[in-house]
Amino acid sequence: MFSLFYGLWQFMFSKLELRVLILGIDKAGKTTLLEKIKSVYTNVEGLPPDRIVPTVGLNIGRIEVANRKLVFWDLGGQLGLRSIWEKYYEEAHAVVFVIDASCPSRFEDAKSALEKVLRHEDLKGAPLLILANKQDLPEAVSSEELARYLDLKKLDERVYMFEAVSAYDGLGIRESAEWLVEVMERSKRTEMLRLRAGAMGPGPA
Ligand SMILES: Nc1nc2c(ncn2[C@@H]2O[C@H](COP(=O)(O)OP(=O)(O)OP(=O)(O)O)[C@@H](O)[C@H]2O)c(=O)[nH]1
Ligand SMILES: [Mg+2]
């Protein structure tokens, strides 16, 4: 009996939650951004920036945007940890790729990490939001400049957007979250993930 309810619960949950993977090289500001998103969308104040340490495991953030349940998975971006990213690709509805827009010396590293993400089969059709973070810093480049610099090939086949944000002052956070919900709702990938969850359905009692 328990397994029937558990299976049903899992089934319903997998249908309702939209999973967003937050990727990017180390120090891009992924975790700070996730904490800011939590502050903006929940009553719970996220961790302040001075209490955030480099990520080694996985941080999870659950919020609700426009009546949709979103689950963010924030992974560590240090070189030795990037091989873990692909374990999460298959289940993700969308990807947020965060870049420190104030640090051009690391754009090359960010670009090749992002290109590798985009090449992966398990992320086929996943909408992509590229964030030019740290806009509160005067040296930060705009999202247009960043887009020109990255000059990503094959992006046109994918639903994507560049957005200027600041995990410190919250610039662009609501626009980003709302765009994500909108594109995930319409994406073929979401449909595919729902069908797959449905096909697996609740197991035998
Ligand atoms: N000025 C400014 N600094 C930021 C912003 N976002 C993050 N930072 C700072 O950038 C540094 C790295 O932030 P994290 O959130 O730990 O970066 P991360 O991408 O999660 O790094 P890893 O977990 O190592 O992959 C910290 O010192 C943050 O305070 C921002 O919007 N503006
Ligand atoms: Mg982190």
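The structure this text deals with has already been given above.
Every value quoted in this text rests on a predicted model; they were computed, and no experiment measured them.

Evaluated as defined, the whole model comprises four aromatic pairs. Ring centres of Phe 107 and Tyr 149 lie 5.3 Å apart, and the angle between their planes is 55°; this geometry places the pair in the tilted category. In this pair, Phe 107 sits in helix α3 (residues 107-119) while Tyr 149 sits in helix α4 (residues 143-150), placing the two residues 42 residues apart along the sequence. On the basis of relative accessibility, which here comes to 38%, the residue Tyr 149 falls in the partly exposed class. An angle of 90° between the planes, with centres 6.2 Å apart, marks the rings of Tyr 160 and Phe 162 as edge-to-face. A relative accessible area of 32% places Tyr 160 in the partly exposed class. Arg 174 extends its terminal NZ or CZ atom over the ring of Tyr 41, reaching a point 4.9 Å from the ring centre.

Right, let's get into the site of ligand 1. In the vicinity of ligand 1, 21 residues are found, and the nearest of them are Lys 30, Thr 32, Gly 77, Asp 136 and Tyr 168. Between ligand 1 and Thr 31 there is a distance of 2.9 Å, counted from an oxygen atom to a side-chain nitrogen or oxygen. Thr 55 places a polar main-chain atom, nitrogen or oxygen, 2.8 Å from an oxygen atom of ligand 1. Here ligand 1 loses 86% of its free accessible area of 660 Å² to cover by the protein chains. In terms of residue count, helix α2 (residues 30-41) provides more of the shell around ligand 1 than any other element does, three residues in total.

Once that is clear, we can look at the nonpolar core. One finds Leu 23, Phe 97 and Ile 130 to be the most contacted residues of the largest nonpolar core, which totals 31 residues. Of all elements in the fold, only β1 (17-23), β3 (68-75), β4 (94-100), α3, β5 (128-133) and α4 reach the threshold of two or more residues within this core. Once you skip the residues sitting within four places of it in the chain, Phe 97 turns out to touch Leu 23, Gly 24, Trp 85, Ala 110, Ala 113, Leu 114, Val 117, Leu 128, Leu 129, Ile 130 and Leu 131. Counting residues in hydrophobic clusters, the runner-up holds 27 residues, among them Ile 63, Ala 167, Ile 173 and Ala 177.

Cut-off values and rules
Residues numbered from 1 in each chain as written. Chains lettered and ligands numbered in written order. Predicted model: local features only at pLDDT ≥ 70, side-chain atom pairs only at ≥ 80, totals over all residues. Heavy atoms only, no water. Phe/Tyr/Trp six-rings, centres within 6.5 Å; stacked < 30°, edge-to-face > 60°. Helix = DSSP H or I, 4+ residues; strand = E, 2+ residues; numbered from the N terminus. Buried < 20%, exposed > 50% of the residue type's maximum accessible area, 1.4 Å probe, protein only. Lys NZ or Arg CZ within 6 Å of the ring centre and 35° of its normal. Near = heavy atom within 4 Å. Polar contact = N/O pair within 3.5 Å; in protein donor to acceptor, adjacent residues only side chain to side chain. Areas by Shrake-Rupley, 256 points an atom, 1.4 Å probe, with all protein chains shown as cover. Core = buried A, V, L, I, M, F, W, Y, C linked by side-chain atoms within 4.5 Å. Contact = heavy atoms within 4.5 Å.

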